[in-house]
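# Examining the three-dimensional arrangement
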Amino acid sequence: MQSHTRCLRVLDDSAYNPIQIALLFGNADLTRLALFGIVRVAAEQRAVWVLDGGNSFDAYFVARLARGWGMAPEVVLSRIQLSRAFTCYQMSELITRRLGAAIHPSASATIACLDLLETFYDDDVALADAIRLVRTVAARLGDLAKRGNHILITAREPRAGLRERMVLLDLLKASAQQVERVDAPAPTSTARTVATQRQLVFARGDLVNGTNVTFVYASDFERANRAGEIQACFAARGSGSV
Amino acid sequence: MIVWVIDTEGRAHCLRDTFTPAFFVGGDPAELLAVAHFLIDQGWSVKASRTKRTELFSGHSIGVLQVEVTNLNLFTIIFERLTSAKPRLSYYNGDISLPQMYFFARNAFPLAFCHFVLNGDNRILTLEVDDSPWALDYKLPPLKRMVIRLEGDAINPNHGYRAPLVVETEGATRELNGDDPRALLETLRDLLMRHDPDLIVTDWGDSFILPRLLQMSKKYNIPLPFNRDPSRPPQFRPPHSYFSYGRIVYKTASQVLFGRWHIDRHNAFLTDDYGLEGAFEIARLTQIPVQRVVRTSTGTGISAMEIATAYRRGVLVPWHKQEPEAWKSGLDLVRSDKGGLVYQPVLGLHEDVAEIDFVSMYPSIMARLNVSPETVNCKCCPDNRVPEIGYSICKKRRGLVPETVEPLIRKRVEYKKRIREMPDGPEREVYRRRQSAHKWLLVTCFGYLGYKNARFGRIEAHEAVTAYGRECLLRAKEIAESRGLRVLHANVDSVWVAQDRRPLTADRDGSAAVSGQRSVVSDYDALLEEITQVTRIPIALEGIYRWVAFLPSRQDEKMSVANRYIGVFEEGEIKMRGIETRRRDTPPFVVAAQMEMLQVLASAESCKELKTLVPRVIEIACAYADALRSGQVPYQNLVITKRLSRDPMAYSKDTLLAIAAKELLGSGVELSPGESIQYIITEEHAHAKIDRARPFVHYRGQEPYDAEKYVELLLRAVETVLIPLGVDGSQIAEWVKEGTGEAERAQRDLAKKTVESWGPLFEFAERAKVATR
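Residues numbered from 1 in each chain as written. Chains lettered and ligands numbered in written order. Predicted model: local features only at pLDDT ≥ 70, side-chain atom pairs only at ≥ 80, totals over all residues. Heavy atoms only, no water.

### Focus: the overall build of chain B
The number of helices and strands found in chain B is 22 helices and 28 strands. For chain B, the C-alpha radius of gyration of 30 Å lies close to 28 Å, the compact-globule estimate for 773 residues. Along the three orthogonal principal directions, the C-alpha set of chain B runs to about 90 × 75 × 55 Å. Looking at chain B as a whole, 51% of its 773 residues qualify as buried. Sequence-distant contacts in chain B: of pairs separated by 6 or more residues, those separated by 24 or more amount to 68%. Here chain B has roughly 35400 Å² of accessible surface; of this, 49% comes from carbon and sulfur atoms. (Helix = DSSP H or I, 4+ residues; strand = E, 2+ residues; numbered from the N terminus. Rg over C-alpha atoms; globule rule 2.2 N^0.38 Å. Buried < 20%, exposed > 50% of the residue type's maximum accessible area, 1.4 Å probe, protein only. Contact = heavy atoms within 4.5 Å. Areas by Shrake-Rupley, 256 points an atom, 1.4 Å probe, with all protein chains shown as cover.)

Put into structure tokens, the structure is as follows:
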């Protein structure tokens, strides 16, 4: 369960960080997971470029998280630059043309592609076209990574009935240095309702050293936050690892 | 192009016209030259030439390659092959349907009155359109109709229902039995040839009747002339399910005819609301052929109208929407990514409430304030800002979307004016249906600004419209309050206001009340005028309610929810939202009961009188509960219709819907996600799951239904109606328990009880009143 923390480490803006592209996939709420990393980066006074393919960026969650860390939500939100894509052609345009033009060519940028494959799973788009576009997108992300940018990608698997589109996820996996699967744990009977409705929120536990990580759900998060557990978890955020 | 026309005598003619459609390719000159060489190398009969067209977002004229395809049958194939071979180029106008492109090129539309000059071959030499899609009054061609359906209840035959085939023509109904398939086919063939209908209307013709008949026709080698054009078979499209806005939608198969129309009443979009009159109106406005119009959403219609505007202007219609959202900060997203503004209603009963609505608010904003994908965030008009979110809107060039919707809004306003001024009758009904069709087109035109597959959508334009909408509603609220009115509720484009004085209460018949009414109406006129002047968006009086009840949430009775209310206008018309009667999964029996209760309550002139009607409502509830318990309710009225959200076998919990669906599966029926299932509750808590609910099609009417479960559903509907009067569910259950049973019912003095004798019954209503002061 510590794997995703290795992926989130891609967002560390340090010269010795060997990971340039990390991919998180699975059936967990990966956007929420990624938002922890994104907020941490923004809290360190660095800009983050978010490309959202699933219209899943939750600004209110970011604000709550920032507040929980003692940061002004407005400040954190203003450091996040975002663009949503609703078709795979828009996502492709965004990555291949707009992103490169937006980020500073000489400084390394932090980029998060949320639900990157969502628009490519659209069954109105021919599979051959989707494959071609994902290849182009993956190549472009590879170029950006070589220029020193750090890229976190999240992608869910295609739903039943679109299994032939698994090839798109395989293409992305091949382009990333760190690939990890994160699934929501089977809900316990008491947590079932919460799990199905709100899904996985984030990892807690020994986040600092990346061991013994367990999952909690939204309702637990609220409870834990009140109990001060969350503050304890994030007290060590200055250490550079989540 | 083959063009079918009906002359003024009602005779059908098959004409031919020479038409060369074209698509466009964008790229740098070297790439376009390579495309031209590629086309030549393929040996296709196309003509490629350099030309200039306008690019929507920049507004600039750009050089493109125009590819004209002389063989219509090859248009789609050539376009697909070229885009596969050269996928990186930009393509335009390539996937507009050929009939639409033909209409654009000839400036014509379906059902238009035209003059033709033909040669001896029935080839069109000239085509002159003597009609306008914007005409308010127009003549439709005389259409010969034939109805083909299965006898009996309108039950889905795909779920196993079987009955003789019924064919209705003018003045005659024939029942065709399937015992002798040859005789059935021969009779049907004769009927088709003798009556030669222009329009075949069916029930489940797309998914069942036509496919089965065509299958039989092939098996017994007896051709059925469904098409007037004998050279081709009906066009079949298989069913499919797809995801839209997080919901699974099932699209049934379709059978499209050539030379005449086929409309399946169970596969026709919204025709319950606007009927054929509305569908014809949409076909005329959108330039989409009638058979396609009835099978697609009004969103496709508005998109077609935008494409037509682009075609007229020489603007390129992109094959794929590529323009992504401009970068914005997380903070900007919080500011801009909002919907309409809602002020939660003040719970409970209110008298003399006016509802004022902005007229087609979002389309009016687009039209009047020039909101369109290409006008948002222009560089040239930084001073023209959208309130709250700060986007600029171009003042220098007219937007494509505003240009499309403006005449539609105008036409709807004209029809609404006529409807108001006319007495009830068939002509008024025609206008009502046409304006209803307009309403649906206008409703979807806003959604299409943000829809992923819309050609001319852009999320920033969508956000600009909602931001203007919030501003308008806020202004309207402020103006109403500045005039001493109480705002009880506001919801996106509607505001409910109440006068502090109450001229329309006790003696409505007196002259003082009449003059009071006039004064109220003129007060509202002034209010509407001021709001329209300030917001630049017209607002109208929807009506004045004698009383309106804003209902609480089902989860928390102290919490109000938007769009859940019951009200009665001055003229006695009932308006309700969010209650059982409006839900598609409510059994017809419960709908009938709730409507009857509402009609009783609608007779009340005031809240005081309303309270005296509670016993009559209870009486109705008792009568319906009695009918349920004594097994007198026709089982057709107990049917519950729900949509499958997934494959039936994927349901982990055995809900009643899943049980009914699995039984259908077991009987060999194929079901797809998104499909509607009808069932009857037989014994909700039966030990054996299969006994809990039965598919409607398997229910014979002899086995018992779960009367107590249906009584529970009935009581829930009664509670909805009575809760604003302070009556809660447990009290209703007790009264209905007391009131049911033949002997007791006869002697029951429920109706004689006075309001006071109900004790704390109206505490809720009184509380609500206090809270509104």
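### Overview of the overall build of chain A
From N to C terminus, chain A includes 10 helices and 8 strands. Among the 242 residues that make up chain A, the fraction classed as buried is 56%. A separation of at least 24 residues holds for 77% of the contacts in chain A among residues at least 6 apart in sequence. Looking at chain A as shown, the accessible area adds up to about 9700 Å², and 50% of this sits on carbon and sulfur atoms.

### A closer look at the pattern of salt bridges
Across all of its chains, the model carries 59 salt bridges over all chains by this definition. For the salt bridge of R483(B) with E530(B), the shortest nitrogen-to-oxygen distance reads 2.8 Å. Residue R483(B) is located in the loop between α13 (459–482) and β21 (486–491), and its partner E530(B) is located in helix α14 (residues 511–535); the two are separated by 47 residues in the primary sequence. Using a relative accessible area of 38% as the deciding quantity, one classes R483(B) as partly exposed. A relative accessible area of 27% means that E530(B) is categorised as partly exposed. Through salt bridges that share partners, R84(A), E325(B), K328(B), D337(B) and E463(B) make up one connected network. (Salt bridge = Lys/Arg side-chain N within 4 Å of Asp/Glu carboxyl O.)

### Side note on the sheet that holds strand β27 (residues 676–681) of chain B
What links the strands of a sheet is backbone hydrogen bonding, and the strands pair in either a parallel or an antiparallel sense. All names here are of chain B. Strand order across the open sheet formed by 3 strands is β26-β27-β28, with antiparallel pairing between neighbours. Lying at the two open borders of the sheet, with one neighbouring strand each, are β26 (640–643) and β28 (693–695). The sheet shows a mean angle of 40° between the axes of neighbouring strands, direction not considered. Bridging between β27 and β28 involves 3 bridges; their strand directions are antiparallel. Within the sheet, the bridge partner assigned to Y679 lies in β28 and is P695. (Pairing = 2+ DSSP bridges. Axes fitted to C-alpha atoms, helices over the stretch in contact; angles between N-to-C directions.)

### A closer look at the interface of chain A and chain B
It is common to give the size of an interface as the accessible area lost on bringing the parts into contact. In this complex, chain A contributes 29 residues to the contact, which on the side of chain B involves 22 residues. With both chains or domains summed, chain A and chain B bury close to 2500 Å², and 56% of this area falls on carbon and sulfur atoms. In this assembly, chain A and chain B are joined by 5 salt bridges. Linking chain A with chain B are 11 residue pairs in polar contact (both at pLDDT 80 or more), by the criterion used here. If you list the elements that add at least two residues to the side of chain A that touches chain B, you get β2 (48–52), α3 (59–68), α4 (73–78), β3 (80–84), α5 (88–102) and α6 (127–146) of chain A. It is α5(A) that contributes the most residues to the side of chain A that touches chain B, 7 residues altogether. (Buried area = accessible area lost by both parts, 1.4 Å probe. Polar contact = N/O pair within 3.5 Å; in protein donor to acceptor, adjacent residues only side chain to side chain.)

### Focus on the confidence of the model for chain B
All names here are of chain B. When pLDDT is averaged along chain B, the result is 89, and 92% of the positions lie at 70 or above. Predicted confidence is poor over residues 502–516, with pLDDT under 50, and the contacts of this stretch with residues over four places away or in other chains come to 18 contacts. Below a pLDDT of 50 lies the segment residues 746–773, which in the model reaches 39 contacts outside its immediate sequence neighbourhood of four places, other chains included. (pLDDT = per-residue confidence, 0-100.)

### Topic: the packing of α6(A) against helix α7 (residues 166–175) of chain A
Residue and element names in this part refer to chain A. Interaxial distance between α6 and α7 falls to 10 Å at its minimum, and their mutual angle equals 15°. In this view, α6 runs roughly parallel relative to α7, as classed from their interaxial angle. The interaxial crossing formed by α6 with α7 has right-handed handedness. Facing L127, A130, I131, V134, R135 and A138 of α6, the residues of α7 in contact are V167, L168, L171 and S175. Looking at the contact of α6 with α7 residue by residue, the classes come out as 8 nonpolar, 1 polar and 1 charged. (Parallel < 35°, antiparallel > 145°, perpendicular 65-115°, else oblique. Left-handed = near helix turned anticlockwise from the far one by under 90°. Nonpolar A, V, L, I, M, F, W, Y, C, P; charged D, E, K, R; others polar.)

### Describing the side chain of N370(B)
Residues and elements named next belong to chain B. When you line up the elements, N370 lands in the loop between α10 (361–369) and α11 (400–421). For N370, the side chain forms a polar contact with the main-chain oxygen of C394, separated by 2.9 Å. A distance of 2.8 Å separates a polar side-chain atom of N370 from the backbone nitrogen of G399. Contact partners of N370, with chain neighbours within four places excluded, come to I365, T375, I393, C394, R397, R398, G399 and P402.

### Notes on the nonpolar core
Across soluble globular proteins, you tend to see nonpolar side chains buried next to one another. Of all hydrophobic cores here, the largest spans 93 residues; its most connected members are L188(B), F226(B) and L722(B). Formed by 72 residues, the second largest nonpolar core is a distinct cluster that contains A283(B), Y391(B), V405(B) and L527(B). (Core = buried A, V, L, I, M, F, W, Y, C linked by side-chain atoms within 4.5 Å.)

### Brief notes about the pairing of strand β25 (residues 574–577) of chain B
Residues and elements named next belong to chain B. Across 4 bridges, the pairing between strand β24 (residues 560–569) and β25 is antiparallel. Note that in β25 the partner of I566 across the bridge is M576. Once β24 ends, the chain turns through 4 residues before running back antiparallel as β25, passing G572 with a positive phi of about 95°.

### Regarding the packing of helix α12 (residues 426–450) of chain B against α13(B)
Residues and elements named next belong to chain B. In contact at an axis separation of 6 Å, α12 and α13 are set at 130° when each is read in the N-to-C sense. Classified by the angle between their axes, α12 and α13 sit oblique to one another. Only I459, A461, H462, V465 and T466 of α13 make contact with α12, whose side of the interface consists of F446, G447, L449 and G450. Residues of the contact of α12 with α13, tallied by class, amount to 5 nonpolar, 4 polar and no charged.

### Considering a positive patch on the surface
Residues and elements named next belong to chain B. A contiguous patch of positive charge on the surface is contributed by K416, K417, R420, K439 and R582. In terms of residue count, α11 provides more of the positive patch than any other element does, 3 residues in total. By secondary structure assignment, the location of K439 is in helix α12. Residue classification places K439 among the partly exposed residues on the basis of a relative accessible area of 32%. (Patch = residues over 30% accessible without salt bridge, like charges linked within 9 Å, V, L, I, M, F, W, Y side chains within 5 Å. Lys, Arg positive; Asp, Glu negative; His and termini not counted. Charge placed at Lys NZ, Arg CZ, Asp CG, Glu CD.)

### Some points on the sheet that holds β24(B)
Residues and elements named next belong to chain B. Spatial strand order, β19-β21-β22-β20-β23-β24-β25: 7 strands in an open sheet with antiparallel pairing. Each edge of the open sheet is held by one strand with a lone partner, namely β19 (342–343) and β25. Across 6 bridges, strand β23 (residues 539–552) lies against β24 in antiparallel orientation. Paired with F550 across the strands is Y565, a residue of β24. Together, β19, β20 (348–358), β21 and β22 (494–498) form the strand contacts of α13, whose direction differs from that of β21 by roughly 170°. Sheet contacts for helix α15 (residues 588–602): β23, β24 and β25; angle to β25, the most-contacted strand, approximately 130°.

### A few points about α3(A)
Of the residues making up α3(A), those classed as buried are A59(A), F61(A), V62(A), A63(A), L65(A) and A66(A). Looking at the residues trailing α3(A), positive phi occurs at G70(A), about 80°.

### Observations regarding helix α8 (residues 298–313) of chain B
Residue and element names in this part refer to chain B. Taking 1.5 Å as the rise per residue, α8 with 16 residues should run 22 Å; its terminal C-alpha atoms sit 23 Å apart, in good agreement. Within α8, 12 of the 16 residues are buried, which leaves the element mostly enclosed by the surrounding structure. Turning to α8, its buried residues number three or more, namely T298, G299, G301, I302, S303, A304, M305, E306, I307, A308, T309 and A310. G314 lies just past α8 and shows a positive phi near 75°. (Expected span 1.5 Å × (residues − 1).)

### A word on the side chain of S254(B)
As for its position among the elements, S254(B) is in strand β16 (residues 254–256). In contact with S254(B), not counting residues within four places along its chain, are D206(B), Q235(B), F236(B), R237(B), N267(B) and R295(B).

### Let's talk about the pairing of β27(B)
Here 4 bridges tie β26(B) to β27(B), and the two strands are oriented antiparallel to one another. Across the sheet, the residue bridging to R643(B) is S676(B), located in β27(B).

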